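Here's the letter readout for the chains.
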There are 2 protein chains.
Amino acid sequence: MQFYKGRKVLVTGGCGFIGSNLVIRLVEAGADVTVVDSMYDEYGGNLYNIAPVKDDIRLNISDVRDSVAMQYLIRGQEFIFNLAGQVSHIDSMHDPFTDLEINAKAQLGVLEACRHFNREARLVLTSTRQIYGKPHYMPVDEKHPLDPVDVNGINCIAGEWYHLLYHKVYGIPAAVLRLTNTYGPRQLLKHNRQGFLGWFIRLVAEDKEIQLYGDGSQRRDLNYVDDVVEAILLAGKDDRALGQVYNLAGDEPVSLRDICERMIATAGKGRFKLVPWPEEKKKIDIGDFYGDCSKITAELGWRPTTNLDEGLRRTFAYFENCLDEYTRDSSTFVCKP
Amino acid sequence: MQFYKGRKVLVTGGCGFIGSNLVIRLVEAGADVTVVDSMYDEYGGNLYNIAPVKDDIRLNISDVRDSVAMQYLIRGQEFIFNLAGQVSHIDSMHDPFTDLEINAKAQLGVLEACRHFNREARLVLTSTRQIYGKPHYMPVDEKHPLDPVDVNGINCIAGEWYHLLYHKVYGIPAAVLRLTNTYGPRQLLKHNRQGFLGWFIRLVAEDKEIQLYGDGSQRRDLNYVDDVVEAILLAGKDDRALGQVYNLAGDEPVSLRDICERMIATAGKGRFKLVPWPEEKKKIDIGDFYGDCSKITAELGWRPTTNLDEGLRRTFAYFENCLDEYTRDSSTFVCKP
């Protein structure tokens, strides 16, 4: 953690779920942190997320699509953790243009800004395992064909490839992480359009019923957010990561039904019911998915260290005291720019 | 050709090189043709291209990025041949946002228009073999990994995948052709940023010297434009093409040096000189490339039928009488909307 002490770091999407956990860790490490977040109502940005460090960071409310602001903000940064994104797969089908602008065009904007004004900053992009689509084999490694099942997947691939291309052609020092389902403190719970995990956590925390599609037997791998933050920090500091794509992955695949049962046992409340698949969701479901993270283990020494039961315990402990900060409609402004 | 008689057809990029050859063929077949073209100065649109059929078509000057116009124009069409694109690889690196808007965002616009206003129209998108990047093996078939070497390649992949996704999720009847180097009458000769072929043709036609990079030994496969038009028409009418991607390819790989020599012999003028690689071009060069078109041969019965010598003979014969229409700065308005 000494590595980031005094270093100038920009975190886009820094008020969001993973971004804010990263920001808090960077502040603990003594980094000089600028947070960029659009605070778009429906996305994960929540000022409560960064409340613990609000006096230790620079907060800049702006959209990554604002290329003029980004051109200014990236100057002089030593690290850019590029976490801002539209991450709802359903939203990408309802409003494909917004998804395109945020996940592809804005990424190109950040890279063009780096090309013209800061070719030294180390860039880490967080992408998604969703771009593999329905797995041809499992565990899915980085060589698995990309077969996106939604507009979001297509645009995330473009975002990734811009990073790799700008590394190859212009020497921009960039690395890409493909995240799997991530959970933990500060997760978006406002709605169910950013994946099932946050929604399940909310329903259990509120002692409500989870509706599980089909028989709940489809398996996923999960990462606790602190493990993901660790991977981002490793990718930012290790030269071996330059121009590389790495999968993150959980330590074992687990069925959705099993996840529900373990959440309910950990929280001591909630319940679940099996219901038939809604047509729209069935169309873009990919069945089982679990990834192979042996490349990042071998090259950067990363592996997940928090098992599901421990991660869920910490997650429900976090939300126990502040659930309303994550379930009410608008957030309170707790931090001055 | 009876198939297209009386059918309502929209051709985007219809004043361009391949588009205008397609339009003329469709008019010969008795189709009811609407041409959309932006007439963007630096692109391939040239009213001289469609002069032979100007009284037989509806010409609508509009940019495919104009989603409002596209929403209107696609209604009632039975076929949409989606040829409009930014096809300069160098331009995509200098101005990546324009490339993104034309090759990705505008494609999404056409598909959204189809989803909302015309789910029946058969769509054919022309993409490029450039998206394969530097070949891992040859001949390159459709299973070859996509490894784009420029912004244009990344955006063309997004454009393709939107078509395949809208087919899968919404049932939009779309097919994709990945074109290789195409040459022939009506090709853009104004500048050298849309590939080497048109530029070589112009230099030879003007009895000037071609500067060939390196030793000129890198090989390519070429298609004569009439063969490409035939593939587009087949993909539009055959149900087996729905949701499919097909390579086009030449009948044999040929070196750039050999192409120069055959052009010079055919035209009876011009010359060439070997010169060292410019750094910027070397960076994005892919070495040898030739494709495998056995999938479209097996499924749609297409194969190239015009050999290089015959194609070059027809090409130089065409430009012999109208070279100035392709080399002066602005085109003359010969056809009313």
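Residues numbered from 1 in each chain as written. Chains lettered and ligands numbered in written order. Predicted model: local features only at pLDDT ≥ 70, side-chain atom pairs only at ≥ 80, totals over all residues. Heavy atoms only, no water.

An unreviewed UniProt entry lists chain A under the name Nucleoside-diphosphate-sugar epimerase, with Desulfobaculum xiamenense as the source organism.

On the chain B side, the residues contacting the 30 residues of chain A number 31 residues. On the chain A side of the interface with chain B, the three residues burying the most area are Phe97(A), Ile154(A) and Trp161(A), jointly 23% of the side's total. Joining chain A to chain B, the criterion identifies 2 salt bridges. The salt bridge involving Glu101(A) is made with Lys105(B); its shortest N-O contact spans 3.6 Å. Our count for the chain A to chain B interface comes out at 4 residue pairs in polar contact (both at pLDDT 80 or more). Among the elements of the structure, helix 3 (89-94), helix 4 (96-117) and helix 5 (151-170) of chain A are those that each provide at least two residues to the side of chain A that touches chain B. Ranked by residues supplied to the side of chain A that touches chain B, first place goes to helix 5 of chain A with 12 residues. (Contact = heavy atoms within 4.5 Å. Buried area = accessible area lost by both parts, 1.4 Å probe. Salt bridge = Lys/Arg side-chain N within 4 Å of Asp/Glu carboxyl O. Polar contact = N/O pair within 3.5 Å; in protein donor to acceptor, adjacent residues only side chain to side chain. Helix = DSSP H or I, 4+ residues; strand = E, 2+ residues; numbered from the N terminus.)

This next bit is on the sheet that holds strand 3 (residues 58-61) of chain A. Residues and elements named next belong to chain A. Spatially, 3-2-1-4-5-6-11 is the arrangement adopted by the 7 strands of the open sheet, whose pairing is parallel. Sheet topology places strand 3 and strand 11 (245-247) at the edges, where each strand pairs with a single neighbour. Each strand axis lies, on average, 20° off the axis of its neighbour in the sheet, ignoring direction. Pairing of strand 5 (residues 122-128) with strand 6 (residues 174-179), which is carried by 6 bridges, proceeds in the parallel orientation. Of the residues in strand 6, the one forming a bridge with Ser127 is Arg178. Helix-sheet contacts for helix 1 (residues 17-28) involve strand 1 (8-12), strand 2 (32-37), strand 4 (79-82) and strand 6, and the interaxial angle to strand 1 is about 165°. Sheet strands in contact with helix 4 are strand 4 and strand 5, and its direction is about 170° off that of strand 5. (Pairing = 2+ DSSP bridges. Axes fitted to C-alpha atoms, helices over the stretch in contact; angles between N-to-C directions.)

Under the defined criterion, the tally for this structure stands at 29 aromatic pairs over all chains. Both rings, one in Tyr183(B) and one in Tyr224(B), keep their centres 5.6 Å apart while their planes meet at 65°; by these two values the pair is edge-to-face. Within this pair, whereas Tyr183(B) is found in strand 7 (residues 181-183), its partner Tyr224(B) is found in strand 10 (residues 222-224), the two being separated by 41 residues in sequence. Pair check on accessibility: Tyr183(B) and Tyr224(B) agree, each one buried. Three or more aromatic residues link up through ring pairs in this structure, and these residues are Phe3(A), Tyr4(A), Phe79(A) and Phe81(A). Here Arg115(A) stacks its cationic end above the ring of Tyr170(A), 4.5 Å away from the centre of that ring. Note that Arg7(B) overlies the ring of Phe3(B), its terminal NZ or CZ placed 5.0 Å from the centroid. (Phe/Tyr/Trp six-rings, centres within 6.5 Å; stacked < 30°, edge-to-face > 60°. Buried < 20%, exposed > 50% of the residue type's maximum accessible area, 1.4 Å probe, protein only. Lys NZ or Arg CZ within 6 Å of the ring centre and 35° of its normal.)

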